[in-house]
Amino acid sequence: MKFIAYNVRDDEIPFIEKWGKDNQTEVSYTTMTLTQETIEEARGFDGISGLQTIDYSRSLFEDFKKLGIRYLSLRNVGTDNVDLQAAADNGVTVTNVPAYSPESIAEFAVTMALYLSRKVGYMQQQLRQKQQFHFSPDFMGRLMSEQTVGIVGTGRIGRQAIQLFEGLGAKVVAYDKYPVKNKFRYTNSLQDLIVQSDIISIHMPATNDNYHEFNHETFEAMKDTALLINTARGSIVDTNDLIYALQSGEIAGAGIDTIENESADLQDSRSTKQVNNADVIKLSMMPNVLITPHSAFHTTRSVMNMVNISMNNLKDLYTGKTVADIVK
C-alpha cells in the first residue's frame, strides 16, 4: 500500500510525513498539479491525494484507468470541477473532505465583515497613498450589533458563521433551499434576505443553479450601505457586475476570498508570478474591498484535517473499509 499526494503546499508536508510515519505507509508527495502530463509520476501507486484547483477531466480519469489507479482522495470540499461520471466510468472512486474546519472559514468571514464595517481599508489607503496618518470623519464605522447579517447557506460553515455573528450582537437572518427545521431565523426567499441585510455572507456550494446568482439585479436590490462577503465559490458572484456595483455605489464594500476562474497558481505557495488578473488588480485597489487568495480555510487545524482525512480515506478505500466521504 502506497500513495502519492499532488499539489502539495509547504505547510502540508509535515502533516503528510507524520501521517505516513504514524500509519507505517509509504507516501510520496509533489508540488506539481495533477494533470495528464504529470500523472505518470503516480505509476505504481495505489491511490492519489489531490486538490481541486483545476478540472479533473474524462481524459485524466482515462489515464487513471491505464495506470491501474482506482482512488482519488481530494483534500478539499469542492467537486464542481471534477467529472464524476468520467471517474465512475473509469472505475475511480472519488472522496473529499466535507468538513475540515468550518469555524476557520466562518471566522474569516467575520474578520472580513469587521474590517469592512470599521472602514480599515480607507485608513490603510490614507497611509499608503497619501502618507498621512490621522483621524478622519470618513472612517466612522458601524457596530456589528447595529447590523442585520444575512447568511446564505446554513451548512456546517454557515451555522458556525451564525453563531459568531450572533455572538457579536448582530441580528442574523438566513436563507437556504433546505432549511434546518426549527433552527435560525429564515427568510422566505433569497430576495427577502437581500433587501433587509446590511451584511450578506455567502456559505453555499457552487451549483449550476446558483451560477452568478449575485449579479447586477442582486446588487441593485441590496442596500447601498451593504457589504458582501464571499468565502464560498467565485462562480456564485458575477465579478464584472460586482466591480460595477462597488464603483457605482450600489453596495458599500466586499470581502472576496474566492474569485471566478481561479488558476492552480493560486494555491502554489512557491509561486513568484506577478498577479496579472485584471479583476484582482481592480478589486485590490479599492479601499472598500478586502481580497484574499482563497485563504479563509488556512489554519493549522484545517491543514492537519485536510491531510489526515484525505489520507485516511485512501487507506480505508484500499483496505475495504466503509468510507463516508465518497462523492456521488
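Attention here is on the structure that accompanies the text. (Residues numbered from 1 in each chain as written. Predicted model: local features only at pLDDT ≥ 70, side-chain atom pairs only at ≥ 80, totals over all residues. Heavy atoms only, no water.)

### Section: helix α11 (residues 300–318)
Moving on, step 1. The terminal C-alpha atoms of α11 lie 27 Å apart, and with 19 residues this matches the ideal 27 Å at 1.5 Å per residue to within 8%.
Moving on, step 2. Every buried residue of α11 is accounted for by S302, V303, M306, V307, S310, M311, N313, L314, D316 and L317. (Helix = DSSP H or I, 4+ residues; strand = E, 2+ residues; numbered from the N terminus. Expected span 1.5 Å × (residues − 1). Buried < 20%, exposed > 50% of the residue type's maximum accessible area, 1.4 Å probe, protein only.)

### Some remarks on the packing of aromatic side chains
Moving on, step 1. Within the structure shown, the criterion is met by five aromatic pairs.
Moving on, step 2. Summarising the aromatic geometry, the rings of F3 and W19 are spaced 6.5 Å apart at their centres and angled 50 degrees between planes, so their arrangement reads as tilted. Taken together, the residues span a long stretch of sequence, with F3 in strand β1 (residues 2–5) and W19 in helix α1 (residues 13–22) at a distance of 16 residues.
Moving on, step 3. You can call W19 buried: its relative accessible area is 4%.
Moving on, step 4. For the pair F61 and F64, a centre-to-centre distance of 5.3 Å together with 45 degrees between the ring planes defines the contact as tilted. Within this pair, F61 and its partner F64 are both found in helix α2 (residues 58–67), separated by three residues, close to a single helical turn.
Moving on, step 5. The class for F61 is buried, based on a relative accessible area of 0%. (Phe/Tyr/Trp six-rings, centres within 6.5 Å; stacked < 30°, edge-to-face > 60°.)

### A closer look at unusual backbone geometry
Moving on, step 1. The backbone of N182 shows a phi angle near 60 degrees, a positive value even though the residue is not glycine.
Moving on, step 2. As for its position among the elements, N182 is in the loop between β7 (171–175) and α7 (190–196).
Moving on, step 3. When its relative accessible area of 84% is taken as the criterion, N182 is described as exposed.
Moving on, step 4. Phi is positive for N261, close to 55 degrees, though the residue is something other than glycine.
Moving on, step 5. Its place among the elements puts N261 in the loop between β10 (253–256) and α10 (278–284).

### A short note on the sheet that holds strand β3 (residues 47–50)
Moving on, step 1. Strand order in this open sheet of five strands is β2-β1-β3-β4-β5, and the pairing throughout is parallel. If you trace the sheet from one side to the other, it starts and ends with β2 (26–29) and β5 (93–95), each paired once. Recorded for the sheet is a direction-independent mean angle of 20 degrees between the axes of neighbouring strands.
Moving on, step 2. Pairing geometry for strand β4 (residues 71–74) and β5, over three bridges, is parallel. Considered in β5, the bridge of L72 is made with V94.
Moving on, step 3. On top of the sheet, α11 reaches β1, β2, β3, β4 and β5; it is set at about 160 degrees to β4, its chief contact. (Pairing = 2+ DSSP bridges. Axes fitted to C-alpha atoms, helices over the stretch in contact; angles between N-to-C directions. Contact = heavy atoms within 4.5 Å.)

### Here's the deal with a nonpolar patch on the surface
Moving on, step 1. A surface patch of nonpolar side chains, about 290 Å² in accessible area, is lined by V275, I281 and M285.
Moving on, step 2. By the secondary structure assignment, V275 is in the loop between β10 and α10.
Moving on, step 3. Overall, the relative accessible area of 53% leaves V275 in the exposed class. (Patch = residues over 30% accessible without salt bridge, like charges linked within 9 Å, V, L, I, M, F, W, Y side chains within 5 Å. Areas by Shrake-Rupley, 256 points an atom, 1.4 Å probe, with all protein chains shown as cover. Salt bridge = Lys/Arg side-chain N within 4 Å of Asp/Glu carboxyl O.)

### Let's talk about the environment of L266
Moving on, step 1. Position of L266 relative to the elements: it lies in the loop between β10 and α10.
Moving on, step 2. Overall, the relative accessible area of 29% leaves L266 in the partly exposed class.
Moving on, step 3. Residues L266 and A324, spaced 58 residues apart in sequence, show a C-alpha to C-alpha distance of 29 Å.
Moving on, step 4. Dropping the residues within four chain positions of it, L266 is found in contact with P293 and H294.

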